[in-house]
Amino acid sequence: MTRIGVITFPGSLDDRDAQRAIRLVGAEAVPLWHGDHDLLGVDAIVLPGGFSYGDYLRAGAIASHAPIMAEVIDAAAKGVPVLGICNGFQMLAEARLVPGAHTRNAHQQFIRRDQRLRVENATTAWTNQFETGEEIVIPLKNADGRFIADAATISRIEGNGQVVFRYVGVNPNGSLNDIAGVSNERGNVVGLMPHPEHATEEGFGPDTALAMSSGTDGLRFFTSALQSLLSA
Amino acid sequence: MPVIVVEVMPKAELLDPQGKAVAGALTRLGKTGYSSVRIGKRFEVTVDGPVTDAVLAEVTELAADMFSNSVIEDVVSISVEDAAAS
């Protein structure tokens, strides 16, 4: 059985939801601890959402220096699929595993909404079960979600197809070019602000045209990882 | 004990929402004559022992790699103060 690790940091909130999402697609969820130097041989890694270290210093900054991040950086370089969700995305950016950085939402407020996204690159380790251009809805909840980078970096990642998700309808935090998620050049490391793990089970996801809380668009992030490991 | 002071500011070209909010408050208070406010961070690192070149080099490295994120911030100054004198 494919084993996907979820790293718990001090202040992680959505680690258990990520573990549940992994089990829902038929993989084994392996809890990992930030203070260890051991990935327990997992096949893929999720850095979950939350407010590690209370967002002190900068969101994700202190956690990006955690002991286990040395192993995550090594694994990412070897092509292991790594997904950073919300605070996990902030950690990936702070660790320079994906380009860019995050600042306070442009409107200065925490925001929670079911967010429409367009999948801009359906070839990454975490998006291969989507179609390029497909629109999905998953929950968003953050205070420091404004993705920024300098003009040269934005131009480079747009050209490389490293912009993986874009906000549609509403840009909820002032992110440049409506960017909601990005990848590394190789496409095995993906980070995004919205939360796929909160849209994996009918009854607990975003509303759809069919029924309340029935949205499960987040499932395919995890089935994508399984597929990429099969074909690796 | 000596203190190494590191000051970090958001990059000049970036929106500084905190500073903008404070500048807005100044305007509402009727304090005219100020065009902007920008807010940065000051780190005071107390050193066990003297500030050697090696210690200063290490803090300079930490300032660049941890205290600041070069995508969004600049380290604007690193200086040594004597805590006992202040």
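Bear in mind that the values here come from a model prediction, so they are computed numbers and not experimental data.

Student: What exactly am I supposed to notice about the overall build of chain A here?
Tutor: The secondary structure content of chain A amounts to five helices and 11 strands. For chain A, the C-alpha atoms occupy an extent of roughly 40 × 40 × 35 Å along the three principal directions. Counting every position in chain A, which comprises 232 residues, the buried fraction comes to 58%. When contacts within chain A are restricted to residue pairs at least 6 apart in sequence, long-range pairs at least 24 apart make up 73% of them.

Student: Sorry if this is basic, but what is going on with the pairing of strand β6 (residues 111-119) of chain A here?
Tutor: Along any regular strand the residues' side chains alternate between the sheet's two faces. Residues and elements named next belong to chain A. Across eight bridges, β6 lies against strand β7 (residues 135-142) in antiparallel orientation. Bridging across to β7, Ile111 finds its partner in Asn142. As defined by bridge partners, β6 adjoins strand β9 (residues 163-167) across three bridges and the pair is classed as antiparallel. Each residue of the ladder has a partner; that of Arg118, found in β9, is Arg166.

Student: Sorry if this is basic, but what is going on with the sheet that holds strand β1 (residues 3-8) of chain A here?
Tutor: Neighbouring strands of a sheet are bound in pairs by backbone hydrogen bonds; such pairs are parallel or else antiparallel. All names here are of chain A. Across the sheet, which stays open at both edges, the nine strands sit in the order β2-β1-β3-β4-β11-β10-β9-β6-β7 with mixed pairing between neighbours. Unpaired on one side and paired on the other, β2 (28-33) and β7 mark the two borders of the sheet. The average undirected angle you get between the axes of adjacent strands in this sheet is 25°. Taken strand by strand, helix α1 (residues 15-24) contacts β1, β2, β3 (44-47) and β4 (82-85), and its axis lies near 175° from that of β1. Sheet contacts for helix α2 (residues 67-77): β1, β2, β3, β4 and β11 (189-192); angle to β4, the most-contacted strand, approximately 125°.

Student: I keep staring at the pairing of β11 of chain A and nothing clicks. Help me out?
Tutor: All names here are of chain A. Here β11 shows no split at all, with Val189 and Gly191 on one side and Val190 and Leu192 on the other all buried. Pairing between β4 and β11: four bridges, direction parallel. Residue pairing in the sheet places Val82 in a bridge with Val189 of β11. Sheet topology note: the strand β10 (residues 179-183)/β11 ladder contains three bridges and is antiparallel. Bridging across to β11, Val182 finds its partner in Gly191. Here β10 folds back onto β11 in antiparallel fashion, the turn holding five residues, of which Gly187 has a positive phi close to 90°.

So, how was this worked out
- Residues numbered from 1 in each chain as written.
- Chains lettered and ligands numbered in written order.
- Predicted model: local features only at pLDDT ≥ 70, side-chain atom pairs only at ≥ 80, totals over all residues.
- Helix = DSSP H or I, 4+ residues; strand = E, 2+ residues; numbered from the N terminus.
- Buried ≥ 20, exposed ≤ 12 C-beta atoms within 10 Å, placed from the backbone.
- Contact = placed C-beta atoms within 7 Å.
- Pairing = 2+ DSSP bridges.
- Axes fitted to C-alpha atoms, helices over the stretch in contact; angles between N-to-C directions.

Read these as layout, nothing more, since geometry by itself doesn't imply function.
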